[in-house]
Every structure is written in C-alpha cells, then in structure tokens.
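# Chains, contacts and geometry: an overview
The residues making up each chain are set out below.
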Amino acid sequence: MQVEHTHTRCWVCVLSCLLLACLYVGSLYVWRSSLPRDHPGLIMRRCASVLLVSALSPAVVKAWMHWADVKVEASVWQLMGFRLEGLVPAAILPLLLTVVFYLGPLVHSVMDNPDGFTLQSALNVQSWMLCVGDAVWLRNQVVAPVTEELVFRGAMLPMLVPCTGPTAAIFMAPLFFGVAHFHHIVEQRRLHKDSMSVILLVSGSQFLYTTVFGAFTSFIFMRTGHVVGPVLCHSFCNSQGLPDISSALQHPQRSALLFSYLMGLLLFLLLLFTLTDPFFYGAIPVCSLATPAASAC
C-alpha cells in the first residue's frame, strides 16, 4: 500500500512539473504574432504572460501538496524559497560564487575595455533608467530570471524532492528547464533564419548549457532554501553570456587570460560548498520534504 502511494505521489509530482513547464512555454505563444522575439511589443506581452504563470505557480504547489497528501510545517511560500531567515547571505554569497566563476571573462572584458565599467558608471541613475526602459534588458535581466527561477526551481524542486530525494531533484529539475528552451526551434523555423540542421545543433547546445546552469541554480536553491540567490545568479549569467574561451586563446595576453579562467574555475570549485553551507541560511524548509527528512540538502 505504501509503495502504491509513493508511485502515485511521484506521478502527481511529474505531471505537476510538466503542467508548469507547458503553461510557462505555452504562455509565450498565446500572442500570435509575426514579429521577431526581440520586438519590444512582443517582449512586453510575453513578459505579462510568464509573470501571470509565475504568480499561479504557488497555487500549483499548494494543489500538489493536497493531491499528494504532503503535510509539513513550512508554508508554500517558505518551501518555494520566500523567507527572511538567512536572506542577506542568500543574496550575496551565491552571487559572489558566480562572479568568481566568471573571473576569466571579467578580466578579459577589463583587458579589452579598461574604461567599460567603473564605480561611477555603476551608480549612474540615468544609465539604469535607460536599462529599465529597454525591453530586451528588462526581459533578460529581470523578468526571465525571476519567472524561470520561481517556476523551474522554486515550484518544481519542492514537488520533486519527496519523490526523487534532494540530490536527484537537483539534476532532474533542470531537464524540464532545458527542454522548455526547445521552443526556440519554433521561432527559428518561423523566421527561416537557418537550416533545420543548424537550428537543431544550436538548440541542442542550448539545451546542454541551460541544463548545466539549471543544475547549478537548483543546487543553490537546495543548499540555501532561498530563491533570491538563483534569481541573482541567473541575471548575472544572462548579462555575461557564455565564457568565450576561443577568443581568449587568440588574445595577445593569452597566458594571463587563461590563468584567470583557470583560477576562476578552481576557486569556484573550492568555494562551492563553503559559500552554500546551510550554516549561513538556517533550516532549509524544502529539506523537510525529503524522506527521511534531510537536515541539509
């Protein structure tokens, strides 16, 4: 009887995650349009759609808890990473870890454009106002990180943990995230920009790195119990893009650059568990869903 109940819970969990993923991607295509994806009008309509789906995600988690007969002391909001305990370190330490990983690209950027980033430019209110008024920037740096992390981490991980356990959930949740990005195939075919083979190659590469990135932010969520860290890391990574190793290999100061890339990777691995130690963040609510309950995920 217990085994049958577990199987039912797992099916409810997977179907709930699929429902959320389909709602998220499907909301992008509610607006029938021939406009390119970076057109401001289309961006704003799509932002409204995914914000609505994200607002509904706590209701999906609450319904899942009812259907799967899950009873824990933590509230839905706490399970999804909205809580005050450990909030400040959760906003700073994971982002610092991500910046460390990007040490090579950041040094690369400073070498190529020494005046590109200064404290004065970072505090320039007019520059920030221009960013906020740019629909592409708003989508990439704010709406996408907030909505994707809320749906694919904050909502899905609490539903996966009781079925798969904390570790497997870290690697399973990103699969929904990676597959969701295949919707770009539809847009590329609609615009007839590339051949189908090129589109599939690009989409496959995108699936790979979004899945790897999803595993990283899932790890942060499980270790900190906060959604703010994944959101800020997501926003930072969107601003930086993928590290351009090929350009570094052709750079006049290649040795120094490659050293910074290597140091960034080594420091990232060295600090990965230290900066995400649950000691900084208090009791992790989502861990109470594990069977048996885990003190640290």
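Residues numbered from 1 in each chain as written. Predicted model: local features only at pLDDT ≥ 70, side-chain atom pairs only at ≥ 80, totals over all residues. Heavy atoms only, no water.

### Considering helix H14 (residues 254-271)
The end-to-end C-alpha distance of H14, which contains 18 residues, comes to 26 Å, matching closely the 26 Å that a straight helix rising 1.5 Å per residue would cover. Of the positions making up H14, those classed as buried are Leu 257, Ser 260, Tyr 261, Gly 264 and Phe 268. On an axial view of H14, the arc spanned by its buried residues comes to 100°, and they lie on one face. When the buried face of H14 is taken as reference, the exposed residues oriented beyond 90 degrees from it are Ser 255, Phe 259 and Leu 270. (Helix = DSSP H or I, 4+ residues; strand = E, 2+ residues; numbered from the N terminus. Expected span 1.5 Å × (residues − 1). Buried < 20%, exposed > 50% of the residue type's maximum accessible area, 1.4 Å probe, protein only. Arc of directions from axis to C-beta.)

### Notes on the side chain of Thr 147
Tracing the backbone through its elements, the reader meets Thr 147 in helix H8 (residues 135-164). Within the local environment of Thr 147, its side chain forms a polar contact with the backbone oxygen of Ala 144, the two atoms lying 3.5 Å apart. Leaving out residues up to four positions away in the same chain, Thr 147 has contacts with Tyr 24, Val 50, Leu 51 and Ser 54. (Polar contact = N/O pair within 3.5 Å; in protein donor to acceptor, adjacent residues only side chain to side chain. Contact = heavy atoms within 4.5 Å.)

### Quick notes on helix H5 (residues 103-112)
Those residues of H5 not exposed but buried are Gly 104, Pro 105 and His 108. The buried residues of H5 occupy one face: seen down the axis, they fall within an arc of 95°. For H5, the secondary structure elements touched by its buried residues are helix H13 (245-249) and H14.

### A short note on the side chain of Ser 27
On the secondary structure map, Ser 27 appears in helix H1 (residues 2-28). Residue class for Ser 27 comes out buried when judged on its relative accessible area of 7%.

### Some remarks on the packing of helix H4 (residues 87-101) against helix H12 (residues 228-240)
Direction vectors running N to C along H4 and H12 enclose 30°, while the axes themselves pass 8 Å from each other. Between H4 and H12 the crossing geometry is right-handed. Seen from H4, the contacting residues are Leu 87, Ala 90, Ala 91, Pro 94, Leu 95, Thr 98 and Val 99; seen from H12, they are Val 228, Gly 229, Leu 232, Cys 233, Phe 236 and Cys 237. For the contact of H4 with H12, the residue count by class is 11 nonpolar, two polar and no charged. (Axes fitted to C-alpha atoms, helices over the stretch in contact; angles between N-to-C directions. Left-handed = near helix turned anticlockwise from the far one by under 90°. Nonpolar A, V, L, I, M, F, W, Y, C, P; charged D, E, K, R; others polar.)

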